[in-house]
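Chain by chain, the residues run as shown.
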Amino acid sequence: MKGSMTSRERVLAAVDRRGPDRVPVDVGGTSFSTIVGLAYERLKARLGVGGETAYMKRKSRTVLLDESVARRLSTDTRPLLVGSPDGWQDFYLEDGSFRDEFGVLWRRAGDGHYAPLGNPLRDAGLGELATYPWPDPRNPGRIRGLREQARRLHEQGEYAVVLSMPVGFVHLSQYLRGYEQWLMDIVLNPRFLDALMDAALE
């Protein structure tokens with residue numbers, strides 16, 4: 001019967017291919033399923049919601065939904081956010097662009113997303129790839145407080161808690177290499193591309 005399931009039960013039923021009472025709604029459960037900043041500001045104004053906007057990711061300008069907005073949209077999910085590595089802060093330049101922990105330079109165009117315009121491995125070969133200073137994937141800052149955050153979200157409501165993961169290895173390898181060079185590598189340099197994606201995945 002419609003409305004008989006909690007959000008958590010609804011999402012789990014859909015994942016298990018059992019019939020949920022309705023199609024689950026995910027707006028804001030991950031940085032890939034939320035709203036970008038400019039559109040969100042318009043939505044907040046329309047709904048009469050005030051307060052400062054919190055962002056999940058600066059690069060994509062993706063927002064962390066205010067709880068009142070999430071309820072108005074009847075979204076069944078709430079995000080579990082991975083932390084930032086200890087000892088790292090993005091390095092900002094005077095023009096507002098910044099360099100991330102992988103060495104990629106990001107620049108924002110107007111009110112939109114940041115684009116990866118500085119690609120540190122654009123001209124690299126296998127030798128440079130082998131000696132590249134990769135960030136530590138086991139940095140404790142990445143998971144600090146994750147268990148407590150998950151428990152709090154689980155106990156606060158009957159929503160499905162979704163782990164919002166960092167960007168995948170394919171996109172990361174594109175950011176490091178540059179989209180154009182990455183696409184050419186598919187045909188001209190597949191050995192390097194394989195090694196690059198293996199390193200990004202690790």
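To be clear, the structure that these remarks concern was listed above.
Report on the accompanying structure. (Residues numbered from 1 in each chain as written. Predicted model: local features only at pLDDT ≥ 70, side-chain atom pairs only at ≥ 80, totals over all residues. Heavy atoms only, no water.)

**Quick word on the pairing of strand β6 (residues 105–108)**
Argument step 1. Sheet analysis places strand β5 (residues 98–99) next to β6, joined by 2 bridges and oriented antiparallel. Opposite Arg99, over in β6, you have Leu105 as the bridge partner.
Argument step 2. Alignment of β6 against strand β7 (residues 114–118), held across 4 bridges, turns out to be antiparallel. Paired with Arg107 across the bridge in β7 is Ala115. (Pairing = 2+ DSSP bridges. Helix = DSSP H or I, 4+ residues; strand = E, 2+ residues; numbered from the N terminus.)

**Regarding the packing of helix α7 (residues 179–188) against helix α8 (residues 190–201)**
Argument step 1. Contact geometry for α7 and α8: axes closest at 6 Å, N-to-C directions at 125°. Here α7 lies oblique to α8, going by the angle between them. Counting all contacts with α7, which are made through Trp182, Asp185, Ile186, Val187 and Leu188, the residues of α8 involved are Pro190, Phe192, Leu193 and Met197.
Argument step 2. Taken together, the residues of the contact of α7 with α8 sort by class into 8 nonpolar, no polar and 1 charged. (Axes fitted to C-alpha atoms, helices over the stretch in contact; angles between N-to-C directions. Parallel < 35°, antiparallel > 145°, perpendicular 65-115°, else oblique. Contact = heavy atoms within 4.5 Å. Nonpolar A, V, L, I, M, F, W, Y, C, P; charged D, E, K, R; others polar.)

**Some details on the sheet that holds strand β4 (residues 91–92)**
Argument step 1. What the 4 strands build is an open sheet, ordered β4-β5-β6-β7; its pairing is antiparallel. Each edge of the open sheet is held by one strand with a lone partner, namely β4 and β7.
Argument step 2. Inspection of the sheet shows β4 paired to β5 by 2 bridges, in the antiparallel sense. The partner of Tyr92 across the bridge, within β5, is Phe98.

**Observations regarding the pairing of strand β3 (residues 77–81)**
Argument step 1. When you tally the buried positions in β3, you get 4 out of 5 residues, the bulk of the element.
Argument step 2. In this structure, β3 lies alongside strand β8 (residues 160–164), joined through 5 bridges in parallel fashion. Each residue of the ladder has a partner; that of Arg78, found in β8, is Val161. (Buried < 20%, exposed > 50% of the residue type's maximum accessible area, 1.4 Å probe, protein only.)

**Description of the environment of Arg58**
Argument step 1. Examined against the element boundaries, Arg58 turns out to sit in the loop between β1 (54–57) and β2 (62–64).
Argument step 2. In this structure the C-alpha to C-alpha distance between Arg58 and Arg147, which are 89 residues apart in sequence, comes to 24 Å.
Argument step 3. In this view, Arg58 contacts Asp90, Tyr92, Phe98 and Tyr114; residues no more than four positions away in its chain are not counted.

**Topic: the nonpolar core**
Argument step 1. The biggest cluster of nonpolar side chains holds 18 residues, and the ones touching the most others in it are Val104, Trp106, Leu121, Leu176 and Leu196.
Argument step 2. At the level of secondary structure, the elements contributing two or more residues to this core comprise α6 (169–177) and α8.
Argument step 3. Here Leu196 is in contact with Leu121, Leu129, Trp134, Ser173, Leu176 and Arg177, once residues within four sequence places are set aside. (Core = buried A, V, L, I, M, F, W, Y, C linked by side-chain atoms within 4.5 Å.)

**Topic: the pattern of salt bridges**
Argument step 1. Counting across every chain of the model gives 12 salt bridges.
Argument step 2. Asp21 is paired through a salt bridge with Arg10; the nearest N and O atoms lie 2.6 Å apart. Of this pair, Asp21 sits in the loop between α1 (7–15) and α2 (37–47) while Arg10 sits in helix α1, and the two are 11 residues apart along the sequence. Assigned by exposure class, Asp21 and Arg10 land together as buried. (Salt bridge = Lys/Arg side-chain N within 4 Å of Asp/Glu carboxyl O.)

**A look at the packing of α6 against α7**
Argument step 1. Taken N-terminus to C-terminus, the directions of α6 and α7 make an angle of 110°; their axes are 6 Å apart at the nearest point. Classified by the angle their axes make, α6 and α7 are roughly perpendicular. In this structure, α6 meets α7 at a crossing whose hand is right-handed. For the pair formed by α6 and α7, the contact residues are Val170, Ser173, Gln174, Tyr175 and Arg177 on the first element and Tyr179, Gln181, Trp182 and Asp185 on the second.
Argument step 2. Its residues assigned to classes, the contact of α6 with α7 comprises 4 nonpolar, 3 polar and 2 charged. (Left-handed = near helix turned anticlockwise from the far one by under 90°.)

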